[in-house]
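Overview (structure and organization)
The residues making up each chain are set out below.
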Amino acid sequence: MATFAKPENALKRAEELINVGQKQDALQALHDLITSKRYRAWQKSIERIMFKYVELCVELRRGRFAKDGLIQYRIVCQQVNVTSLEEVIKHFMHLATEKAEQARNQAQALEEALDVDDLEADKRPEDLMLSYVSGEKGKDRSDRELVTPWFKFLWETYRTVLEILRNNSKLEALYAMTAHRAFQFCKTYKRPTEFRRLCEIIRNHLANLNKYRDQRDRPDLSAPESLQLYLDTRFEQLKIATELELWQEAFRSVEDVHGLMCIVKKTPKASLMVTYYAKLTEIFWVSSSHLYHAYAWFKLFSLQKSFNKNLSQKDLQLIASSVVLAALSVAPYDLMRGASHLELENEKERNLRMANLIGFNLEQKLDGREVLCRSALLSELVSKGVMTCVTQEVKDLYHLLEHEFLPLDLASRVQPLLAKISKLGGKLSSVSSVPEVQLSQYVPALEKLATLRLLQQVSQVYQTMKIESLSNVIPYFDFSVVEKISVDAVKHSFISMKIDHMKGVILFGNLGIESDRMRDHLTVFAESLNKARALIHPPAKKASKLGDMLSGLAETVDKEHKRLLARKSIIEKRKEEQERQLLEMEREEESKKLKLQKITEEAEQKRLASEYEQRKNQRILREIEERELEEAQALLLEAEKRSKKKGKKPIAEGEKVTKQTLMELALSEQLRERQEMEKKLQKLAKTMDHLERAKREKAAPLIEDAYQQRLVEEKELHEREQQQEIEISRQRHDGDLREKNRLARMLEQKIVFQERVMSRRQADHSRLRADREERISQIIQSRKQEREAKRKMLYYLRSEEERMKRAREEEEARKREEAERRRKEEAERRAKLDEMAEKQRQRERELEEKEKLRREAVLSRPTEMPTRPSEPLTGGRPLEPGSAAPAAAAAAAAAAAAPAPGKYVPKFRRTERPESTGPIPPPESDRWGSRVASHPDSSDRWGRNDDRPPQPSSDRWRRDDRDRGSSFGSGGGLRSSTWSSSRR
């Protein structure tokens, strides 16, 4: 073993050996340095040596060397610089993974290259024999030799790293990362054997961690960070086990997670629990444990509904439907009926164990079969409101299978529902742990349940039934399957029946007393009679006289109701607005509090981190000083011992003792001792050489004599064996001649037998050949006839197709001509109608022009309002003669300034009058006999007081003609009637 004064010298020596191609020697040199007890203090140079060391280990695939070096390096830097160990291990795994990927890329057939059951098993004897015997190696074998060793080394790398980091609290994250990468390795390359071993390794690490609690750097599982890392590792193990379909290992992983939860007495996050129950559903479904599968689905539904805020209605409906269908898929009878006491105890323990895994707390005094049962689960689903979230098909199916009594129609009504349910399912967008739900997986179990319910109901109605009738009632199963189902049901005392295949009938027995059997029938019969009576004689309704007493009550109530609704909507809007404002204020306050809390937490974390760093640095410095002091004292004691043996004093009295001085003194002393030892070894080697030379000189003549004697003995042995072989050959030859003479007598009989056999075979051959030729001629004739018939049929079909094509073309031409003729007739008819309409509009325009001219002539005449002497215009007092003229003049001016009667008069025009005039006259009526409204917007010029558009012109003028006949008989009559109407 070479020794180096400094670690850098060893690194240089290794690089020199690598440059000349001696990598193994370089690795050995670095290994000797790392495992030496001289270099127990961490230095930066040792870290560089470790990087080079792991590179050589990976390149030469020396897993054992790598493990020894990493263990020694862990001892060196565990208490000083753990980060350096982490970097070295990461570099080691990176190199191993990179080499494995390069080997994989070089291989052309990965599946054949990785087809090895066990990476830790040695080569088989058959493979070794084949590799030595065959001259040219096949492509598959070359790929195996290229890829498999690197994957084996990568697997050993993961095992080594996990073994090194198993009890290191400072590198828990690296341990978890390594486990995750090992899981991905097993998943990517389909390594079930290595995955089982990996799970067992991690399981043993946790067991040892709980067993030996007094270790120095043991991880603390009560810490949240450590617990989270261990839980993440176990959940990743569970996911990979289910993806590799290693269901037994997946169940053991579930038990590991549950055991870890029991150790720390804490419940993981809801997201992890969702993954836990999702994998439990898959495991229980594969193991055909439908009851536990349904309970796991129920727990998953409860978690999703409680904690998943982004859960959509569709996803919730699918999950709830899965829960109900899983519960219905459980067998409706007790599978442990009639079992022995030992089996019942085992089943009870199994139920307690499964219930603990699922999360239900069971007491030991309770019977497990009564707690975990189908009826309790269904009642709990109804009480917890799961049935309100499922689809309508699932509700109908549940009602049919659990509450309806339809002995003959149950299967026919269940079958379409199952067909619809089988199409339901799909991907869940808001549930990451359950990516897809397919309800079609429950259809076989539901069909079996429907068959059991039908048999149970039929057994209550019938005593005997034909097998054919029962087969017709159950459409989705053959009778053989129904028979198997009924055998299991009879075995577990669910129904009582016998099948008589000779008579073709089924005999049903009695399971209970008559009153129990007829109770449901009487109830159903009574309900049906009540419904029929209600349909035949409906109950009479009493007439209410409130409507007659209060005739206008309905309208008043309607108006009041509308008013209250409007008021209610206004109040609700105000409340919503107020609530929205309050919510916004609360959100703002909450955001402010969160920001302030976050700032405070960040400041506190920074302060704690700085204090932690300070304490850590102080502790490291103190440990370094203490270690240096201990090393100095140890060196001083060793120097004193050595000086006492030799009678020398290593240090003069009064001289200052330092660590550097002691180390230099120790190094010089070691160097001197080493030189003396080398001299002694050289002297001993020379002595040994002389002794060996003397022994060989004495032994040479003895060896030559023994060789000559052995040659003589071997020559005599060869001559004796040759003589024996000649004698045996002569005896064998004589025997063969005797056998030939004995068989020569049967030669003639052999020739006769051979000719007879050959003649018979020739006759058979000729007969078979003639039959074959005749059969071939018949086949040729039949094929000719078939071809002739086919040609005729094709000709007939072609001619018929052409005839039908010509008929279609003629029919299409006739239809086009008919459509063209109809289009022309329609155009002519429309032209005539347009011409008649134009003439009608022309006549209406002429009538409107004439009427307009006549009205203008009528309106242009001066209208004088007649006055009566007995009824003066102003306040009932007669006007004086002197004031009559001014009043007449003012009236004439107002008439000239005001618009003509019958036209719209604005309000300010109606109220405006000269100062010398008297009070405002009463409103005049227009020419149509209606009084002018006081508001300008209340009526138009024609006396209408609504906003309806005017009627068409022709009808309007006809109505005006009738009005003129009644109102405009004469001019005086018009004025007098208008005045009288205005006075009224």
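Residues numbered from 1 in each chain as written. Predicted model: local features only at pLDDT ≥ 70, side-chain atom pairs only at ≥ 80, totals over all residues. Heavy atoms only, no water.

Notes on the overall build of the protein chain
Selection rule: Each helix corresponds to a stretch of at least 4 residues labelled H or I by DSSP, and each strand to a stretch of at least 2 residues labelled E; elements are numbered beginning at the N terminus. When checking whether two residues touch, look at their non-hydrogen atoms; a contact exists if any pair is within 4.5 Å. Values of accessible area rely on a 1.4 Å probe in the Shrake-Rupley scheme; residue burial ignores everything except the protein chains shown.
If you tally the helices and strands in the protein chain, you get 32 helices and 5 strands. At a minimum sequence separation of 6, the contacts of the protein chain that also span at least 24 residues come to 71%. Carbon together with sulfur atoms contributes 53% to the accessible area of the protein chain, which is approximately 68,300 Å² in total.

Focus on the sheet that holds strand S5 (residues 505-508)
Operational definition: A pair of strands is considered paired only if DSSP assigns at least 2 bridges between the two. The angle between two axes is taken between their N-to-C directions and runs from 0 to 180 degrees, where each axis is a line fitted to C-alpha atoms and a helix contributes only its stretch in contact.
Reading across the sheet, the 3 strands line up as S3-S5-S4 and stay open at both edges, with antiparallel pairing between neighbours. Two strands in the sheet have a free side with no partner beyond their single neighbour: strand S3 (464-466) and strand S4 (497-500). The average undirected angle you get between the axes of adjacent strands in this sheet is 20°. The pairing of S4 with S5 spans 4 bridges and is antiparallel. Note that in S5 the partner of Lys498 across the bridge is Leu507. In the packing of helix H23 (residues 479-491) onto the sheet, the strands contacted are S4 and S5, and the crossing angle to S4 comes to about 145°.

Observations regarding the packing of helix H10 (residues 192-211) against helix H11 (residues 224-243)
Heads up, the condition is: Angles below 35 degrees are treated as roughly parallel, those above 145 as roughly antiparallel, those between 65 and 115 as roughly perpendicular, and all remaining angles as oblique. In this scheme, a crossing is called left-handed if the near helix is turned counterclockwise away from the far one by less than a right angle; it is called right-handed if the turn is clockwise.
Interhelical geometry of H10 versus H11 gives an angle of 155° and a closest axis separation of 12 Å. Between H10 and H11, the angle is such that the two are roughly antiparallel. For the pair H10 and H11, the sense of crossing is left-handed. Across the interface between the two elements, Phe195, Cys199, Ile202, Arg203, Leu206 and Leu209 from H10 touch Tyr230, Thr233, Arg234, Gln237, Ile240 and Ala241 from H11.

Let's talk about the packing of aromatic side chains
As a reminder of what qualifies: Pairing of aromatic rings covers Phe, Tyr and the six-membered ring of Trp, with a centre-to-centre limit of 6.5 Å; geometry is then stacked below 30 degrees between planes, edge-to-face above 60, and tilted otherwise. Here, over-ring charges are defined by two tests on the NZ atom of lysine or the CZ atom of arginine: distance to the ring centre within 6 Å, and angle to the ring normal within 35 degrees.
With the rule as written, the count across this model stands at 12 aromatic pairs. An aromatic cluster is built from Phe151, Tyr158, Phe185 and Tyr189, whose rings are joined through pairwise contacts. The ring of Trp150 carries Arg61 above its face, with NZ or CZ at 4.9 Å from the centroid.

As for H10
To keep things clear, this is the line we draw: Every helix has an expected span of 1.5 Å times one less than the residues it contains. Relative accessibility decides the category of a residue: with a 1.4 Å probe and only protein chains considered, values under 20% of the type maximum give buried, values over 50% give exposed, and everything between is partly exposed.
Its 20 residues place the ends of H10 28 Å apart at the C-alpha level, agreeing with the 28 Å of an ideal helix rising 1.5 Å per residue. Taken residue by residue, H10 has Glu194, Phe195, Leu198, Cys199, Ile201, Ile202, Arg203, His205, Leu206, Leu209 and Asn210 as its buried positions.

Description of the confidence of the model for the protein chain
Rule in force here: pLDDT expresses how confident the predictor is about each individual residue, on a scale running from 0 to 100.
When pLDDT is averaged across the protein chain, the result is 76; 75% of the residues are at 70 or more. Within the protein chain, helix H32 (residues 971-983) has the poorest average pLDDT of any element, 38, and helix H28 (residues 747-859) the best, 93. Note that pLDDT drops below 50 for residues 863-902; the model gives that stretch 22 contacts with residues more than four away or on any other chain. This model gives residues 911-984 a pLDDT under 50, and the stretch forms 71 contacts once residues within four places in sequence are excluded.

Overview of the pairing of S5
Pairing geometry for S3 and S5, over 3 bridges, is antiparallel. Looking at the pairing, Lys466 lines up with Val505 of S5. Once S4 ends, the chain turns through 4 residues before running back antiparallel as S5, passing Gly504 with a positive phi of about 75°.

Quick word on unusual backbone geometry
Of note, Glu245 is a non-glycine position whose phi angle comes to about 60°, a positive value. Secondary-structure assignment places Glu245 in the loop between H11 and helix H12 (247-264). Here Ser288, not a glycine, exhibits a phi torsion of approximately 60°, which is positive. The topology assignment puts Ser288 in the loop between helix H13 (270-286) and helix H14 (290-307).

Digging into the pattern of salt bridges
The condition is simple: Salt-bridge detection follows one rule: a side-chain nitrogen of Lys or Arg within 4 Å of a carboxyl oxygen of Asp or Glu.
Scanning all chains against the criterion turns up 43 salt bridges. Ionic pairing is found between Glu200 and Arg203, a salt bridge with its closest N-O pair at 3.0 Å. Residue Glu200 and its partner Arg203 are both found in helix H10; the two are separated by 3 residues, about one turn of the helix. Glu200 sits in the partly exposed class, given a relative accessible area of 30%. One connected set of salt bridges, linked through shared partners, spans Glu200, Arg203, Glu249, Arg252 and Asp256.

Section: the environment of Arg62
Put simply, the rule is: For the purposes of these results, a polar contact is taken to be a pair of N or O atoms within 3.5 Å, where, inside protein, one atom must be able to donate a hydrogen and its partner to accept one; residues adjacent in sequence count only when each atom of the pair is a side-chain atom.
Positionally, Arg62 belongs in the loop between helix H3 (44-60) and helix H4 (63-77). For Arg62, a relative accessible area of 32% translates into the label partly exposed. For the pair Arg62 and Thr157, spaced 95 residues apart in sequence, the C-alpha separation works out to 10.0 Å. Dropping the residues within four chain positions of it, Arg62 is found in contact with Gln24, Leu27, Cys57 and Phe153. Only 2.7 Å separates the side chain of Arg62 from the backbone oxygen of Leu60, close enough to count as a polar contact.

What to know about the nonpolar core
Filter applied, for reference: Each nonpolar core is a collection of buried residues, namely Ala, Val, Leu, Ile, Met, Phe, Trp, Tyr and Cys, held together in the definition by side-chain atoms within 4.5 Å.
Core analysis: the biggest nonpolar cluster contains 159 residues, and Ile89, Phe195, Tyr276, Trp297, Leu381, Leu397 and Leu470 have the highest contact counts within it. If we skip the residues at most four places from it in the chain, Tyr276 touches Phe235, Leu238, Val254, Val257, His258 and Leu357.

Quick word on helix H20 (residues 410-423)
For H20, built from 14 residues, the straight-helix expectation of 20 Å at 1.5 Å per residue is met to within 8% by its first-to-last C-alpha distance of 21 Å. Against helix H15 (313-328), helix H19 (392-402), helix H21 (443-461) and helix H22 (467-473) lie the buried residues of H20. Gly425 sits one or two residues past H20 and shows a positive phi near 125°.

Brief notes about a negative patch on the surface
Operational definition: To count toward a patch, a residue needs a relative accessible area over 30% and no salt bridge; like charges are then connected within 9 Å, while nonpolar side chains (Val, Leu, Ile, Met, Phe, Trp, Tyr) are connected within 5 Å. His is not counted here, nor are the chain ends, while Lys and Arg score as positive and Asp and Glu score as negative. Lysine's charge is taken at NZ, arginine's at CZ, aspartate's at CG and glutamate's at CD.
Taken together, Glu586, Glu588, Glu589 and Glu590 make up a surface patch of like negative charges. Following the sequence through the fold, Glu590 ends up in helix H26 (residues 553-646). Of the residues examined, Glu590 reaches a relative accessible area of 43% and is grouped as partly exposed.

Digging into a nonpolar patch on the surface
A cluster of nonpolar side chains, Met677, Leu681, Leu684, Met688 and Leu691, forms an exposed patch at the surface whose accessible area comes to about 510 Å². Inspection of the secondary structure puts Leu681 in helix H27 (residues 659-743).

A short note on the packing of helix H5 (residues 82-106) against helix H9 (residues 172-188)
Running from N to C, H5 and H9 cross one another at 10°; their axes reach a closest spacing of 11 Å. It follows from the interaxial angle that H5 and H9 lie roughly parallel. Between H5 and H9, the contacting residues are Glu86, Ile89, Lys90, Met93 and Thr97 on the first element and Leu174, Met177, Thr178 and Arg181 on the second.

What to know about the side chain of Glu172
Within the secondary structure, Glu172 is located in helix H9. Judged by its relative accessible area of 12%, Glu172 falls in the buried class. There is a polar contact of 2.7 Å between the side chain of Glu172 and the side chain of Ser226. Not counting residues up to four positions away in its chain, the partners in contact with Glu172 are Pro219, Asp220, Ser226, Leu229 and Tyr230.

Quick notes on the state of the cysteines
To keep it simple, the criterion reads: Criterion for a disulfide: a pair of cysteine sulfur atoms at a distance within 2.5 Å.
Going through the model one piece at a time under the given rule, you end up with 0 disulfides. Free cysteine Cys186: the closest other cysteine sulfur is in Cys199, separated by 7.8 Å.

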